[in-house]
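Fold and geometry: a report
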Amino acid sequence: MAKYFGTNGARGKLDLLTPEFVSRMCTAFGIWSGGKGNNILLARDTRTSGEMLEGAALAGLLSAGCSVTMLGICPSPTVEFSVLKHKASGAVTITASHNPPDWNALKFVDSRSIAVSRERGEEIEKIFEAGPPQAQRAQWNEIQPLHHYATACADHAAAVKAAIDTSLIKRRKPKLVLDCANGTMGQVCPQFFKSLGCEVITLNAQMDGHFPGRPSEPTEANIGELLASVKELGADTGIAWDGDGDRVVFVDETGKFVIGDKIFALSEKIALAQKKGPVVTTVSTTNAIRDIAEKAGCKMHYCRIGAPYISEEMARVGAVVGGEEVGGVVWPSISYGKDGLMTAAKIVEAICRQPLSNLVAGLPSYFNSKTKLPCAPERKYGAVASLAGKLQDKGKPTTIDGVRIDFPDDSWVIVRASGTENYIRIFAEAKSQEKANELMQSYVRMVDAAIG
Ligand code: MG
């Protein structure tokens, strides 16, 4: 079991992420990704600890004999796009995504632009724990050059522009309110949409690692100012990103929150209308994704919960689109990272044809209900496993991640141990809210009995 790697990188506060830790972990990553002579990209988000940890990461990578290209402050999807553009061996991004300001993390990406999962992270941890061998550290005459590359954001924006109908957007000139969360999208998105002729009003566009405007996770509760502004200003839509710009949610023209799974479903519809092919999502994602794939005659593939697993499966099956329910969509024509710029651009293109509320109304409709029950770390996996055995006769069980049971009336429930917290999570989906609540409650009782 990985000690430091979670589902997507090594995350923590500064008591864990000391410069010593970061330097040694980055040396281990440098060796793992090929060692001496490889080119690794290095970037960070807007957090106050970013510059300090960037210095430590740089020293670690150079010590592994890697040449390092520093991209500066960048959204995570820009880094993933840049790995492919520069044909780099990998990348390190210092970002804690949507976590509070006192957190940070090392997010590692391989040469295919796929984030390093917990399992692959264990290999890096082994090098870290043993101490990177002296023979694999650069000698004085093996230390590689350091490059600065200042236009990664512009490159990424140009690639996204090439993938959308810019003339349609320029003709229609939609009015957009953009909430950049004081994160990295502040330096990309306002300029991007202005250059397409959109009327742009910004909230929290100034990059600030204290995140003074709002918490960086784009939940409905956190984006109250955006919800009110869209209606007040008569805008066509509102867009809110998380701190590192891989996740995005929307507000429709009536001021209503459009949750992440709807954004993924819309993106899937848009992607499959352009090119048919396999779709990948996690076992805890709405059946709306399956319905859209089936209607388009495309195959669905399910994977474990976590961005790296989506990307790995997409690469394996040659998927044309993939994503997760929180509003992260992967567009393989750009990279295998969840891309909040590409997603936003594709949805803005679509709302030039019809209002967002209409687009959302045209999606398959499901209702969900979720909760989490506290459970001791030594018991959580065992409790879920014992439940899996008892549920064989209840419906069709899937055990890709936790246990998911699909019922003949198209409702389903998933029970899984949280990978990062001491909880068992229960999520139910059905054709009505009542049925979803009922299903969730009946599994709460079962899990309670399993925990004992
Ligand atoms: Mg994020």
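Structure shown above.
An account of the accompanying structure is given in this report.

Rules and cut-offs
- Residues numbered from 1 in each chain as written.
- Predicted model: local features only at pLDDT ≥ 70, side-chain atom pairs only at ≥ 80, totals over all residues.
- Heavy atoms only, no water.
- Helix = DSSP H or I, 4+ residues; strand = E, 2+ residues; numbered from the N terminus.
- Rg over C-alpha atoms; globule rule 2.2 N^0.38 Å.
- Buried < 20%, exposed > 50% of the residue type's maximum accessible area, 1.4 Å probe, protein only.
- Phe/Tyr/Trp six-rings, centres within 6.5 Å; stacked < 30°, edge-to-face > 60°.
- Lys NZ or Arg CZ within 6 Å of the ring centre and 35° of its normal.
- 1 Å grid on protein atoms, 1.4 Å probe; cavity = no way out; pocket = protein on both sides within 12 Å on 5 of 7 lines; lining within 4 Å.
- Points joined across faces, edges and corners; volume = space filled by probe spheres on them.
- Nonpolar A, V, L, I, M, F, W, Y, C, P; charged D, E, K, R; others polar.
- Donors = N, O, S within 2.8 Å, 3.2 Å for Na, K, Ca; no water.
- Pairing = 2+ DSSP bridges.
- Contact = heavy atoms within 4.5 Å.
- Axes fitted to C-alpha atoms, helices over the stretch in contact; angles between N-to-C directions.
- Parallel < 35°, antiparallel > 145°, perpendicular 65-115°, else oblique.

**Digging into the overall build of the protein chain**
Scanning the protein chain from N- to C-terminus turns up 15 helices and 21 strands. Relative to its length of 452 residues, the protein chain is compact, with a C-alpha radius of gyration of 22 Å against a globular reference of 22 Å. Taken along the three principal axes of its C-alpha coordinates, the protein chain extends 65 × 60 × 40 Å. Counting across all 452 residues of the protein chain, residues that qualify as buried make up 59%.

**Here we look at the packing of aromatic side chains**
To describe a pair of aromatic rings, you give the distance between the ring centres and the angle between the ring planes. One pass over the structure, following the stated rule, counts 8 aromatic pairs. Relative to F193, the ring of F192 lies with its centre 5.0 Å away and its plane at 90°, an arrangement referred to as edge-to-face. For the pair F192 and F193, one class covers both residues: buried. Site record: aromatic cluster; members linked through ring pairs are F5, F29, W32 and F108. Here the basic side chain of K372 rests over the ring of Y423, its NZ or CZ set 4.4 Å away from the ring centre.

**Digging into empty space enclosed by the protein**
The tally for this structure, following the rule as stated, stands at 1 cavity of 30 Å³ or more. As a volume, the largest cavity reaches approximately 80 Å³. In terms of lining residues, the largest cavity is bounded by N8, E80, K107, S113, A115, D246, A307, P308, S311, Y336, G337 and K338. Looking at the lining of the largest cavity element by element, the count peaks at 3 residues for helix 11 (residues 307–317). Looking at side-chain class alone, the lining of the largest cavity contains 4 nonpolar, 4 polar and 4 charged residues.

**Topic: the coordination of the magnesium ion**
Distances from the magnesium ion to its protein donors, namely S97 (OG), D242 (OD), D244 (OD) and D246 (OD), fall within the range 2.0 to 2.1 Å. Within one chain, the residues serving as donors to the magnesium ion are arranged as S-x144-D-x1-D-x1-D. Given the relative accessible area of 0%, D242 is considered buried.

**Things to note about the sheet that holds strand 12 (residues 257–258)**
Taken in spatial order, the 5 strands of this open sheet run 9-8-10-11-12, and their pairing is mixed. Lying at the two open borders of the sheet, with one neighbouring strand each, are strand 9 (199–203) and strand 12. The strands that helix 9 (residues 260–274) touches are strand 11 (248–251) and strand 12; relative to strand 11, the one it contacts most, it runs at about 95°.

**Considering the layout of surface pockets**
In this approach a probe as big as a water molecule rolls over the atoms, and the regions it shows empty are the leftover space. Estimates place the volume of the second largest pocket at around 300 Å³. Of all elements in the fold, only helix 4 (118–130), helix 14 (377–390) and strand 20 (412–417) reach the threshold of two or more residues within the lining of the second largest pocket. By residue number, the principal contributor to the lining of the second largest pocket is helix 14, which donates 3 residues. Taken together, the residues that form the lining of the second largest pocket break down as 8 nonpolar, 3 polar and 5 charged.

**Description of the packing of helix 9 against helix 10 (residues 287–295)**
Between helix 9 and helix 10, the shortest axis-to-axis distance is 9 Å and the interhelical angle comes to 10°. By the angle between their directions, the pair helix 9 and helix 10 is classed as roughly parallel. Residues D261, F264, A265, E268, K269 and L272 of helix 9 lie in contact with helix 10, whose contacting residues are A288, I289, I292 and A293. Of the residues contributing to the contact of helix 9 with helix 10, the split by class is 7 nonpolar, no polar and 3 charged.

**So, the environment of A159**
With respect to the element layout, A159 can be found in helix 5 (residues 152–162). Spatially, the C-alpha atoms of A159 and S333 are 9.2 Å apart, while their sequence positions differ by 174 residues.

**Quick word on the pairing of strand 21 (residues 423–430)**
Put simply, side chains in a regular strand alternate between the two faces of the sheet. Among the 8 residues of strand 21, 6 are classified as buried, and the element is accordingly described as predominantly covered. Relative to strand 21, strand 20 runs antiparallel, the two being bridged by 6 bridges. Pairing of I414 across the sheet is with F427, part of strand 21. What sits between strand 20 and strand 21 in their antiparallel hairpin is a turn of 5 residues.

**Structural notes on the sheet that holds strand 13 (residues 279–282)**
As summarised here, the arrangement of the 4 strands in space is 14-13-15-16, forming an open sheet in which the pairing is mixed. Both edges of this open sheet fall to strand 14 (300–303) and strand 16 (328–330), since each of them pairs with a single strand only. Averaged over all pairs of adjacent strands, the angle between their axes in this sheet comes to 20°, without regard to strand direction. The sheet contact formed by strand 15 (residues 321–324) and strand 16 spans 3 bridges and is antiparallel. Bridge pairing links G323 to V329 in strand 16.

On their own, these measurements won't tell you what the molecule is for.
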